[in-house]
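Residue-level structure breakdown
One letter stands for each residue in the lines below.
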Amino acid sequence: MSEPDVSKVLRLFKEEVKVINVGLEYFYKELRKQGVNAAHVIWQPKPELEKDLEDILKKIL
Amino acid sequence: MARVKNIVKTNFFRDSVQLLHLSEEVKKLKGVIDAALAMGTELNKELLEKEGLLTEEGRRASENDMIIAVKAEDSADIHGIIREIEELLTRPAESGETYYYSIESALKALPGANVALVSVPGKYAKDVVMEFINRGIHIHLFSDHVPLEDEIELKKAALEKGVLVMGPEAGTSIINGVALAFANVVDRGPIGIVAAAGTGLQETSVLITRGGSGITQGIGVGGRDVKSPVGGMMTLFSMRALEADENTEVITIVSKPPSPDVQEKIVNLIRDKGRKKYVTCFIGGQEFSIPVELKGRLVQTNTLHAASLESIRFVSNSLYEKALERISLPPEKVAKIVEDELSKLREGQRYVRGLFTGGTLLYESQVIFKEFLGDVWSNTPLNKDFTLPNAWISKEHSVIDLGEEEFTAGRAHPMIDPTIRLQRIVQEAKDPETAVIMLDFVLGYGSHPDPAEAHLSAIKKAKEIASDSGRHLTILAHVVGTERDPQNALEQENKLRKAGVILLPTNALMALVAGMIAKGDSSERTARNFFEKYLVGRR
């Protein structure tokens, strides 16, 4: 196996950390308190469709 | 007189931290004596019952429903209060904050985003994380219950793209000084940490800072990373990155004992590719033989205390001498603390009760107790035969991880919400056989804004319960924090000290003191032997 390329990690170590927060809003607020540039994504589970309904939707969409 | 009212909102979800904050706001409303907003899990219903906040209506709530529980003064306008609560629940996000409904739109709003902090329920994490991996964005994955096969798939994909997947179940990372999830404000310096143990990373980065040095990065990889199925993928990748990082001089690896094959990979990577200095801290692991080529360049330790000091020693010998004074105690001082406490305890007071919020700190304590007390009871014991039949009730020597599932279903983590620990402190004080209560206070971003203050009344009550029965109660605490943390560690320590709590500078020393008290051994020699075995590294 070839050696993994760490260049993207080294770049991160030199850049300003900018964070996309997905999930707990609390963590977004804690990041903002630190003055970190961040954006919060309100995440919700996709509604679970019944199989039949899903098949019909796949056909028509 | 007071009235208690419950309202159940069916199929209504708010996360545990939001509910905690809402509860605090409701308590401030006029006419309200006490209040709690909680999802209707069995645990929450039990706690509401204990607090006298549950009615018949609340009892019928399911875990998908939210319970609004209010205790109000008789004269209060209860309908007005409920209206105000409804308004709080539907209040839009704070002004000036824009939130996004897709990763795509968030990325447009924040060009150049390079880290994603993901805390969605574990079964959904893979899809979310994969989106970031495909875009070349590094991920800190806080979620638990991520299926093992998902973790393996994600980490393989991440290695192909050259990005970090820190987690799942990673409580802590510190990247370029930024605290991700639960982490402290620590100093920058030449030590890079890779940790498969969340509070292990917090304790180590804090001790290194308080010892006078600092860290380049603190990369949390999640506890399962060092086990065979995942094979150390992110541990090894992070080690390679820190090895190539020009600012890192010392690389410190912290975890519970890895699987033997993973431990071998770690040591082999250091031997074959490492040019820097390394400290391993496999807490409670077996001593391994250091390859001859690595003599002088690799030190192995078995406590977070030793790992922090040895990392600093690699930076400079003179700094190490200063660090000893700052974050350790001489053995004679330890023996003196034990002797003083033993002289106050009565016969029959023989048990330790450790109430922990940090899983790694609890684990380390159990490893240390093995030396003095053998196996101890726990909800996460080292030896499965010592699993507490009921985690809510201690037995003989017991150490409790309050961050485990049975205490957190539908509730915020005890580092944020101390309610359960406060009740437990009082409960332990009532037991005439309790000699020592141990408490960890984990500060930093993510944690409660003033945990010491929140504990003061419970500590006072516990001491009173003991003294009313003619007993002394030893309460030990260790604060994982720095002066620059939002809670200010020094202020937190002062508050606790004023309340009669004995502060120890490291978790290992807290466990040592507790272990010696429980064993009734205050000899300096015992302390000295312990220091040699646990608080310095093997070369």
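Quick note: structure is the one above.
Before going into details, it helps to say that this report is about the structure given with it. All values reported here derive from a predicted model rather than from experimental measurement. (Residues numbered from 1 in each chain as written. Chains lettered and ligands numbered in written order. Predicted model: local features only at pLDDT ≥ 70, side-chain atom pairs only at ≥ 80, totals over all residues. Heavy atoms only, no water.)

Remarks on the overall build of chain A
Per the secondary structure count, chain A includes three helices and two strands. Listing the helices and strands of chain A from first to last along the sequence gives α-β-α-β-α. Counting the 61 residues in chain A, one finds 36% classified as buried. When the accessible area of chain A is evaluated, it comes to approximately 4100 Å², of which 53% is carbon and sulfur surface. (Helix = DSSP H or I, 4+ residues; strand = E, 2+ residues; numbered from the N terminus. Buried < 20%, exposed > 50% of the residue type's maximum accessible area, 1.4 Å probe, protein only. Areas by Shrake-Rupley, 256 points an atom, 1.4 Å probe, with all protein chains shown as cover.)

A word on the sheet that holds strand β1 (residues 2–9) of chain B
Residue and element names in this part refer to chain B. The strand order across the open sheet formed by three strands is β1-β3-β2, and the pairing between neighbours is antiparallel. Only two strands of the sheet have a single partner each, and these edge strands are β1 and β2 (32–39). The mean inter-strand angle of the sheet, taken between neighbouring strand axes irrespective of direction, is 10°. Seen against the sheet, helix α1 (residues 16–27) touches β2 and β3 (66–73) and runs at an angle of roughly 160° to β2. (Pairing = 2+ DSSP bridges. Axes fitted to C-alpha atoms, helices over the stretch in contact; angles between N-to-C directions. Contact = heavy atoms within 4.5 Å.)

With respect to unusual backbone geometry
Residue and element names in this part refer to chain B. Cis peptide bonds are those with omega within 30 degrees of zero, and the linkage from G167 to P168 qualifies with 5°. Structurally, P168 is set in the loop between β7 (165–166) and β8 (172–175). The phi dihedral of E396 falls on the positive side, at around 45°, and the residue is not glycine. Inspection of the secondary structure puts E396 in the loop between β16 (377–378) and β17 (398–401). One non-glycine residue, N488, lies in positive phi territory at about 55°. You can call N488 buried: its relative accessible area is 18%.

Quick notes on a nonpolar patch on the surface
Residues and elements named next belong to chain A. Residues L53, I56, L57 and I60 make up a contiguous nonpolar surface patch of about 370 Å² in total accessible area. Among the secondary structure elements, L53 is positioned in helix α3 (residues 51–60). Using a relative accessible area of 43% as the deciding quantity, one classes L53 as partly exposed. (Patch = residues over 30% accessible without salt bridge, like charges linked within 9 Å, V, L, I, M, F, W, Y side chains within 5 Å. Salt bridge = Lys/Arg side-chain N within 4 Å of Asp/Glu carboxyl O.)

A word on the environment of G177 of chain B
You can see G177 of chain B is positioned in the loop between β8 and β9 (178–181). The spatial distance from the C-alpha of G177 of chain B to the C-alpha of I502 of chain B is 31 Å, given a sequence separation of 325 residues. G177 of chain B has contacts with Q34 of chain A together with R188 of chain B, leaving out every residue within four places of it along the chain.

Points about the interface of chain A and chain B
A common measure of how large an interface is: the accessible area buried when the components associate. Counting residues at the interface gives 39 residues for chain A, matched by 57 residues for chain B. By the criterion of area lost to chain B, the three top residues of chain A are F13, I20 and Y26 of chain A, representing 16% of everything that side buries. Applying the counting criterion to the chain A and chain B interface returns three salt bridges. Linking chain A with chain B are 24 residue pairs in polar contact (both at pLDDT 80 or more). Going through the elements one at a time, α1 (7–14), β1 (18–22), α2 (25–33) and β2 (37–41) of chain A are the ones with two or more residues in the side of chain A that touches chain B. If you tally residues by element for the side of chain A that touches chain B, the top one is α2 of chain A, at eight residues. Considering only residue class, the side of chain A that touches chain B consists of 22 nonpolar, five polar and twelve charged. As judged from the two bridges shared by β2 of chain A and strand β4 (residues 99–100) of chain B, these two strands associate in the parallel manner. (Buried area = accessible area lost by both parts, 1.4 Å probe. Polar contact = N/O pair within 3.5 Å; in protein donor to acceptor, adjacent residues only side chain to side chain. Nonpolar A, V, L, I, M, F, W, Y, C, P; charged D, E, K, R; others polar.)

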